[in-house]
Amino acid sequence: MRFIDDETRHKILDLLPRYPSKQAVTLPALHMVQDKYRCVPNDAVRDIAELLDLAPAEVLDTMTFYMFFRGEENKLGKTRLWVCRSLACQLRGSDDLTEHLCHKLGVTVGGTSADGKITLETAECIGACEGAPAVLVDDAHEMNVSNEMADKLVARLRA
Amino acid sequence: MADNQLTLLARVDKPGSHTLASYRADGGYRAFEKAIKEMQPTQVIDTVKASGLRGRGGAGFPCGVKWTFLPKDHPGPIYICINADESEPCTFNNRVLMEKDPHQVLEGAMLAAFATRASTVYYYIRYEYGPAYRATQAAIDELYAAGLLGKNILGTNFSLNIYTHRGAGAYICGEETGLIESLEGKRAWPRIKPPFPAIEGAFRKPTIVNNVETLACVTHIIGKGADWFKSMGVPPDPANPRDAGSYGPKLYNLSGHVNKPGTYEIPLGITARRLIDEYGGGVWKERKAKAVVPGGLSMGFMTESELDTPLDFNGPGKVGCLGLGTAAVTVVDDQTSMVDVLYNVCRFYAHESCGQCTPCREGTGWMFKIIDRIRRGEGRLEDLDLLAEVGNRIGIMPGTTICGLADGAGWPVKNAIKKFRPEFEEYIRSGKKGRALQVAAAH
Ligand SMILES: Cc1cc2nc3c(=O)[nH]c(=O)nc-3n(C[C@H](O)[C@H](O)[C@H](O)COP(=O)(O)O)c2cc1C
Ligand code: SF4
Ligand code: FES
């Protein structure tokens, strides 16, 4: 193993009996690595390939299809904050919210605040439309997010 | 609000509704126990068929009929995939069920597995649903601990495993064969059909893909009977020989410019106007609706004068929409520009096309470029016909693509140009410019 630690390696191997093919563990493995290291470096891609009996190019092919995963040159901050930009949220002010957060964090969409705490992204519908505008903090929703609530959220994530 | 008995949402406001103890105290898993101890798999299928249940994931295919497409006497394994990708914009009812009453969905999946002789269920959950995923995983753990999953469940010879599998943020993973490819660890490129998944699905084995809400309905159909289910909804329209009827309760997703957005359980067939006025508290700020999405963006738009359309499987088609879709109703008020709305819609499909079919990849890309140009004040009147033409040419209906994403991308464009043309023309003539975000987007 070039990159992946023992604990993660075991967690990946533990999933193998669930599926009739090793390749099916690709997405879970990519998630485990990115959750922990905030990116999936090339060496981790090669490790995953080795664990799943795949060519590194196969793992990379899957990884890059889902724009969700990031390489080491593009590492995520501690928290990933997604602002939904789809219709229900746009109708209820997500453009204002995105602008507000960009200015507050001093980033453009996709960027990470200088303190490394928050990466700001936009997302297509995150399935919380009854609380538009909605954001996703890593994988959990916050609904009806006003600019003031966004400020509080940012303060909490920076603490 | 209209009086109506809740079934799917009956438990969601109870404290601890997500736990096995609470679910069982309310009679949970009795239908499953009855089925595996007293029923034959074919009886379960026949009951679901008799109920008229149609899939809630968007296509509305009769659920019991789909189950019968599995090969007879197959040696196995047979798989069930629960489709919890729920990415059709403005749709969120699966999330509510999964967070608040995960056992209700799991019981339906277990019944489906028993009926189809499946040995493994893969529960494909979009990554964005963290709390729903954790509630579901905790519920599955409880089931193993209680002996309701695993080998020889409750002393019968029925064995079953359920595994959760998290997605990674791509709309196309909701298309059933895209989901299967994604589950297999590949890019989520939908497959050419036939073969349909029931013949050759996950890991090349017979597979049934069902939506979360569909499976929640199965739980109650086995528990309360097909007649109970059929007592709600709308019988087939005699004028449409292809309509299989719209029975049972439905979780409508209401969002946008309404006073009370939310998930509402109502028998199929309520009109959009009643849904908005009686459940949603009317259009916000005392305004009027300009356009209403009947069932997720892919279904197109209704105008204010079309709001008395019943939201059953057959209704939206009568006013030129693609269908009921996910029953996600989004209200756009009369102060909103349809140019902004269509820009948002086209951006979505250009972003989410998986890129496999040229007409879809290029078509969604060009539709977005054209509406973007119009919105920036640089449009020409001919652009409107061009948009509609692209919209007409991409999809499985015109026969140019592998999956229905492209039909869904074209439909709102065609509807918007047809139903709101004067507004688009006026916008182009006036040289107006839409708002540009004061930030540079990375992608
Ligand atoms: C582009 C596209 C996206 C889809 N997304 C979903 C989805 O997120 N959830 C879902 O249940 N069905 C979705 N579907 C429909 C599925 O292909 C399939 O019909 C459905 O999961 C079958 O389950 P049901 O019969 O219980 O509705 C989508 C279809 C297309 C063409
Ligand atoms: S129609 Fe579009 S989304 Fe569907 S397979 Fe083709 S390119 Fe992919
Ligand atoms: S449109 Fe923003 S959460 Fe659905």
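Cut-offs used in this document
Residues numbered from 1 in each chain as written. Chains lettered and ligands numbered in written order. Predicted model: local features only at pLDDT ≥ 70, side-chain atom pairs only at ≥ 80, totals over all residues. Helix = DSSP H or I, 4+ residues; strand = E, 2+ residues; numbered from the N terminus. Rg over C-alpha atoms; globule rule 2.2 N^0.38 Å. Buried ≥ 20, exposed ≤ 12 C-beta atoms within 10 Å, placed from the backbone. Contact = placed C-beta atoms within 7 Å. Axes fitted to C-alpha atoms, helices over the stretch in contact; angles between N-to-C directions. Parallel < 35°, antiparallel > 145°, perpendicular 65-115°, else oblique. Left-handed = near helix turned anticlockwise from the far one by under 90°. Nonpolar A, V, L, I, M, F, W, Y, C, P; charged D, E, K, R; others polar. Pairing = 2+ DSSP bridges. Near = placed C-beta within 6 Å. Domains from an automatic or database assignment.

A. Main features of the overall build of chain B. The helix and strand tally for chain B stands at 17 helices and 11 strands. For a compact globule of 443 residues, the expected C-alpha radius of gyration is about 22 Å, and chain B comes in at 22 Å, within 12% of that figure. Dimensions of chain B, computed from C-alpha atoms along their principal axes, come out at roughly 75 × 45 × 45 Å. Looking at chain B as a whole, 55% of its 443 residues qualify as buried. The contacts in chain B between residues at least 6 apart in sequence include a share of 70% that link residues at least 24 apart.

B. Spotlight on the packing of helix α6 (residues 102-116) of chain B against helix α7 (residues 130-145) of chain B. Residue and element names in this part refer to chain B. Where α6 meets α7, the closest approach of the two axes is 9 Å, and the angle between their N-to-C directions is 60°. In terms of orientation, α6 and α7 fall into the oblique class. Seen from above, α6 lies across α7 with right-handed handedness. Only Ala-135, Thr-136, Ala-139, Ile-140 and Leu-143 of α7 make contact with α6, whose side of the interface consists of Pro-102, His-103 and Leu-106. Across the contact of α6 with α7, the residue classes break down as 6 nonpolar, 2 polar and no charged.

C. Quick look at the pairing of strand β9 (residues 289-293) of chain B. Residues and elements named next belong to chain B. Across the 5 residues that make up β9, a large majority, 5, are buried. Relative to strand β11 (residues 328-333), β9 runs antiparallel, the two being bridged by 4 bridges. Bridge pairing in β11 places Val-293 opposite Thr-330. Judged from the 2 bridges that link them, β9 and strand β10 (residues 302-303) form a sheet pairing that is antiparallel. Note on β10: the bridge partner recorded for Ala-291 is Thr-303.

D. The arrangement of the sheet that holds strand β3 (residues 161-166) of chain B in detail. Residues and elements named next belong to chain B. Spatially, 4 strands are ordered β3-β2-β1-β4 in an open sheet, and the strand pairing comes out parallel. Two strands close off the open sheet at either side, each with one partner strand: β3 and β4 (207-211). Ignoring strand direction, the axes of neighbouring strands in this sheet form an average angle of 20°. Two strands pair when backbone bridges link them, and strand β1 (residues 79-84) and β4 are joined in this way by 5 bridges, in the parallel orientation. By the bridge assignment for β4, Ile-82 is matched with Asn-210. Running at roughly 90° to β4, helix α9 (residues 212-224) makes contact with β1 and β4 of the sheet.

E. Spotlight on the sheet that holds β11(B). All names here are of chain B. Spatially, β8-β7-β11-β9-β10 is the arrangement adopted by the 5 strands of the open sheet, whose pairing is mixed. Of all the strands in the sheet, the pair left with one neighbour each is β8 (262-267) and β10. Both strand β7 (residues 249-256) and β8 contribute to a ladder of 6 bridges, which runs antiparallel. Opposite Pro-249, over in β8, you have Pro-267 as the bridge partner.

F. Molecular detail of the site of ligand 2. Residue and element names in this part refer to chain B. Neighbouring ligand 2 are 14 residues; Cys-354, Cys-357, Cys-360, Thr-401 and Cys-403 lie closest to it. Of all the elements in the fold, those that place two or more residues in the shell around ligand 2 are α14 (358-375) and α16 (405-419). In terms of residue class, the shell around ligand 2 is made up of 9 nonpolar, 4 polar and 1 charged.

G. Expanded view of the environment of A:Met143. Residues and elements named next belong to chain A. Structurally, Met-143 is set in the loop between β4 (140-142) and α7 (147-158). Met-143 gets classed as partly exposed once you count the C-beta atoms within 10 Å, which come to 14. Separated by 15 residues in the primary sequence, Met-143 and Ala-128 place their C-alpha atoms 7.0 Å from one another. For Met-143, the residues in contact, after removing those within four places along its chain, are Ala-128, Gly-131 and Ala-134.

H. Region of interest: the domain arrangement of chain B. All names here are of chain B. Under the domain assignment used here, chain B contains domain 1 (20-231), domain 2 (246-333) and domain 3 (338-430). Relative to domain 3, the C-alpha centre of domain 2 lies at a distance of 22 Å. Counting residues at the interface gives 11 residues for domain 2, matched by 11 residues for domain 3. Here the side of domain 2 that touches domain 3 is built from residues that sort into 7 nonpolar, 4 polar and no charged.

I. How the structure looks around the site of ligand 1. Residues and elements named next belong to chain B. Ligand 1 sits among 23 residues. The nearest are Gly-55, Gly-57, Gly-174, Asn-211 and Thr-214. No other element matches β4, which puts 3 residues into the shell around ligand 1. Class assignment for the residues of the shell around ligand 1 results in 7 nonpolar, 10 polar and 6 charged.

J. Fine view of the interface of chain A and chain B. With 41 residues of chain A at the interface, the matching set in chain B holds 51 residues. Only α2 (26-37), α4 (56-65), α5 (87-91) and α6 (94-105) of chain A provide two or more residues apiece to the side of chain A that touches chain B. Class assignment for the residues of the side of chain A that touches chain B results in 21 nonpolar, 12 polar and 8 charged.

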